[in-house]
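# Descriptive structure summary
Below are the chains, spelled out letter by letter.
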Amino acid sequence: MATAVACSSGPETSTAPPAQPAASETTRKYLLERVDDAAVVQIYADQFTALPLREKVLIWHLYQAAIAGRDIFYDQKHRSALEMRRVLEAIITHSSGVEPATLSEIQRYTKLFWVNNGQYNNLTARKFLLKLTPQALAAAAQAAAKAGATFPVQSGESLDALLARLQSMFFDPNVDPIVTNKTPGPGRDILTASANNLYSGVALADFRGFTERYGLNSRLVKQRGRLVEEVYRIDGRYGREIARIVGHLEAAVPHATAPMAAALRALVQWYRTGEDADRAKYDIAWVQDKDSPVDTINGFIEVYMDPRGIKGSWEALVFYVNREKTERIRKFADNAQWFEDRMPYDARYRKPDVKGIVANAIDVLIETGDSGPVTPVGINLPNDQRIREEYGSKSVSLSNVTEANDKALPPAMRSEFSWTPEETDRATRFASFSGELHTDMHEVIGHASGRQAEGFTGTPQGVIKEHFSALEEGRADLIALYFLADPKLVELGIVSAADHDAIVRAEYEAYTRNAIVQLRRVREGTQIEEDHMRNRQMIVHWLMANTKAIERRQRDGKTYYVMVDPKAFREGVGRLLVDVQRIKSEGDAAAAAKLFDTHGIHFDPTLRDEVVRRVDALDLPSYTGFVMPKLTPVTDATGTITDVTISYPMDLTRQMLEFAESSK
Ligand SMILES: [Zn+2]
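Residues numbered from 1 in each chain as written. Predicted model: local features only at pLDDT ≥ 70, side-chain atom pairs only at ≥ 80, totals over all residues. Heavy atoms only, no water.

With that out of the way, let us pick up the overall build of the protein chain. Across its full length, the protein chain carries 25 helices and 16 strands. Computed over the C-alpha atoms, the radius of gyration of the protein chain is 26 Å, within 12% of the 26 Å expected from 2.2 N^0.38 for a compact globule of 664 residues. The C-alpha extent of the protein chain, read off along each of the three principal axes, is 75 × 60 × 60 Å. Looking at the 664 residues of the protein chain, the share that counts as buried comes to 58%. Of the contacts made within the protein chain by residues no fewer than 6 positions apart, 71% connect residues no fewer than 24 positions apart. When the accessible area of the protein chain is evaluated, it comes to approximately 26900 Å², of which 51% is carbon and sulfur surface. The protein chain carries 81 positive and 90 negative side-chain charges, and their two centres are separated by 2 Å. (Helix = DSSP H or I, 4+ residues; strand = E, 2+ residues; numbered from the N terminus. Rg over C-alpha atoms; globule rule 2.2 N^0.38 Å. Buried < 20%, exposed > 50% of the residue type's maximum accessible area, 1.4 Å probe, protein only. Contact = heavy atoms within 4.5 Å. Areas by Shrake-Rupley, 256 points an atom, 1.4 Å probe, with all protein chains shown as cover. Lys, Arg positive; Asp, Glu negative; His and termini not counted. Charge placed at Lys NZ, Arg CZ, Asp CG, Glu CD.)

The structure is reproduced here in structure tokens:
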């Protein structure tokens, strides 16, 4: 599973580096450019240069494996996506004779194409169009051809014929409009209504009497009335790309730790056979490698693009464990019992033997396919439930992605909703760090804590039903908010005594502000559906109704939620936590429904409209594509790698063209 936005913290309170970052980290550039409603942001991986040579070389081979499979995902997304990309790249790299306005539109479109791995928007799944006439595109292509560009024509095909074949994909909004359509409307089929290339000519009705053998890793094609599985493996579909991936993975093996080498060998075996039994062996070997300082995810993994939820999209990530941040997570995990024993709720609901949930904080070096340039901020794998139950799972939070995301956020986003300049200052200095602590505690000691009442049978999910997720997210948030102010954090060396009060205040203020800022995401209606949003509304509005910690104020026609008393805030959080834990432990569905119906679900549309106006005036991006670090090997006279250097391209176009060049 991939988390699009961190489980407990939205972009307003996402994570960032420690409280006192180096000067270079405060001044360097994160936001590179805006393309329509997408932001393009540079990712940094500061600890790479300090890694031992063996780990750098390992990463280098895995990095190449990630690039080698990149084109697979383009092809999975749409049967024409790779041809379209090659046409665009041919023009962009041979643009001297192209009319400037035409070129500028082709550049805009191509950047969006790269960020989204094809012609469909990541958020809406809808096709976006090239805003030119077909004639203007043809003239640009002819000029590029004159300048020496080569185009992906099929044998005997002219450039004009190629462009005519792709014309509807570039220009017609009604041809293949949606990449994944799970609700196409009555009488329509989810497979034929979805434009992706995981299926060809297949409708749900065709599955009658058919046994699918390669669910995750095949393309299903209807041939002469029957279904055929084109298996993704070294001698099957994507065989050319897979052979290259395998070559790089095999080169990586000698540099890996023993458990990681075992996982890489198992992955190679799966790429060779395509068999599900080998996929399971790989999953097990991967999840059993819990301690390697470097790791990779590479393969057909997440199933979001398939309307059936079966076929895996190809993706690759390469990363190292961020020691400093992981150590902090471990500190919370190691002391989970200390926190459990001091939960404000009834001792009957405390666990006698709690284990904190451990996750690794990681820094990514590259993400391709389904995981880049638009990336998740958290990942929990494997997806195979049977293996999760027997062998556990690995969770990672992508530290350098959330850091870059946070740094690229316009400062006005904070000041617009802060009541005083001091509040803005505190947010600038501490809100990223406090949000990061909040996330750690939410995950590690929050979700892990508490137990059901004696005699309770069944599951709290089963009883509390549609309010359970929001209640559980609220419970984890309350635990984080409650213990953030505990002197134990100073004792553990997690925060400095001097900054502790300011950090607590910054977090309580940010959490409070978020209750109105998040309304921008619900542009229609007067109800909140998403569980994380419901829980945050519930907590802030409960505190407003039951404590004196938060005031609603007006100034110049603008509304503010102002946190005025951190002591009252914490005391209220403790009281609410007592109740929320009781509701969960006893499975009190009626009380859960009342809590959310009163404080969490409904909002004032006038306030929402005001928030939307204020946010739109700040021109915030809707999503972000990341530029990855660039690695370069240094070799001696014998060709042995003596070092791997890291640099930051600061340019989406340059990186995308380099990736395309190295996967040719
Ligand atoms: Zn959570």
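Anyway, onward from the coordinates.
Cis geometry marks the peptide bond from G372 to P373, where omega comes out at 0°. Its place among the elements puts P373 in the loop between β9 (360-369) and β10 (378-381). The phi angle at D36 is positive, at roughly 50°, despite the residue not being glycine. Its place among the elements puts D36 in the loop between β2 (31-35) and β3 (38-42).

Below, the discussion takes up the pattern of salt bridges. Oppositely charged side chains can form a pair if their charged atoms are brought close together. The full count for this structure, using the stated rule, is 51 salt bridges. Between D71 and R86 there is a salt bridge; the shortest N-O distance is 3.3 Å. With D71 in helix α3 (residues 70-77) and R86 in helix α4 (residues 81-92), the pair connects residues that are 15 residues apart, well separated along the chain. R86 gets classed as partly exposed once you look at its relative accessible area, which sits at 35%. Through salt bridges with shared partners, a single network forms among D276, R279, D283, D384 and R386. (Salt bridge = Lys/Arg side-chain N within 4 Å of Asp/Glu carboxyl O.)

Let us look at the sheet that holds strand β4 (residues 199-200). Here 3 strands make up an open sheet; going across it, the order is β4-β5-β6 and the pairing mixed. With one partner strand each, in any of the chains shown, β4 and β6 (226-231) form the two edges of the open sheet. Across 2 bridges, β4 lies against strand β5 (residues 218-223) in parallel orientation. When the sheet's bridge partners are listed, S200 is paired in β5 with V221. (Pairing = 2+ DSSP bridges.)

Turning next to the nonpolar core. With 130 residues, the main nonpolar core has I91 and F151 as its most contacted residues. Looking at this core, the element that brings in the most residues is helix α2 (residues 53-68), giving 10 residues. The residues contacting I91, other than those within four sequence positions of it, are V98, I106, L137, A140, A141, A144 and F151. Listed in part, the 73 residues of the second largest apolar core include V354, L484, I516 and L620. (Core = buried A, V, L, I, M, F, W, Y, C linked by side-chain atoms within 4.5 Å.)

Here 3 strands make up an open sheet; going across it, the order is β2-β3-β14 and the pairing mixed. Of all strands in the sheet, those bounded by a partner on one side alone are β2 and β14 (623-627). Within the sheet, the average angular offset between the axes of one strand and its neighbour, ignoring direction, is 25°. Note that β2 and β3 share 4 bridges and pair antiparallel. What sits directly across from R34, in β3, is A39. Running over the sheet, helix α5 (residues 100-115) touches β2, β3 and β14 and is turned about 110° from β2. (Axes fitted to C-alpha atoms, helices over the stretch in contact; angles between N-to-C directions.)

Looking now at empty space enclosed by the protein. Counted by the stated rule, this structure contains 4 cavities of 30 Å³ or more. The space that makes up the second largest cavity amounts to roughly 50 Å³. Around the second largest cavity, the lining residues are R70, N117, E367, T368, G369, G372, P373, F626, M628, Q655, M656 and F659. The set of elements that each furnish at least two residues to the lining of the second largest cavity consists of β9 and α25 (652-662). (1 Å grid on protein atoms, 1.4 Å probe; cavity = no way out; pocket = protein on both sides within 12 Å on 5 of 7 lines; lining within 4 Å. Points joined across faces, edges and corners; volume = space filled by probe spheres on them.)

Let us now look at the pairing of β6. By the alternation rule, side chains of β6 split into L227, E229 and V231, which are all buried, and R226, V228 and E230, of which none is buried. Hairpin connection between β5 and β6: a loop of 2 residues separates the two successive antiparallel strands, and R224 in this loop has a positive phi of roughly 45°.

Moving on: the environment of Q537. Tracing the sequence through the fold places Q537 in helix α21 (residues 531-546). Sequence separation between Q537 and L365 is 172 residues; the distance between their C-alpha atoms is 36 Å.

It is worth spelling out the confidence of the model for the protein chain at this point. Per-residue confidence for the protein chain gives a mean pLDDT of 92, with 96% of residues at or over 70. Within the model, the stretch residues 5-23 combines pLDDT values under 50 with 59 contacts to residues more than four positions away or in other chains. (pLDDT = per-residue confidence, 0-100.)

For the rest of this paragraph, the subject is helix α16 (residues 421-446). With 26 residues, α16 extends only 32 Å from end C-alpha to end C-alpha; this falls clearly short of the ideal 38 Å at 1.5 Å per step. Where α16 bends most, the angle comes to about 55°, and this point is F430. α16 sits mainly inside the fold: 20 of its 26 residues count as buried. (Expected span 1.5 Å × (residues − 1). Bend = angle between axes of the 7 residues up to and from the residue.)

Note that Q655 resides in helix α25. Relative accessible area serves as the criterion here: at 2%, Q655 is assigned to the buried category. With near-sequence residues (within four places) excluded, Q655 lies in contact with Y63, V627, M628, P629 and P649.

This paragraph deals with the packing of α5 against α25. Two elements in contact, α5 and α25, have axes whose closest approach is 11 Å; the angle formed by their N-to-C orientations is 60°. For the pair α5 and α25, the crossing hand works out as left-handed. In contact with K111, W114 and V115 of α5, α25 contributes L652, T653, M656 and L657. Of the residues belonging to the contact of α5 with α25, the class tally is 5 nonpolar, 1 polar and 1 charged. (Left-handed = near helix turned anticlockwise from the far one by under 90°. Nonpolar A, V, L, I, M, F, W, Y, C, P; charged D, E, K, R; others polar.)

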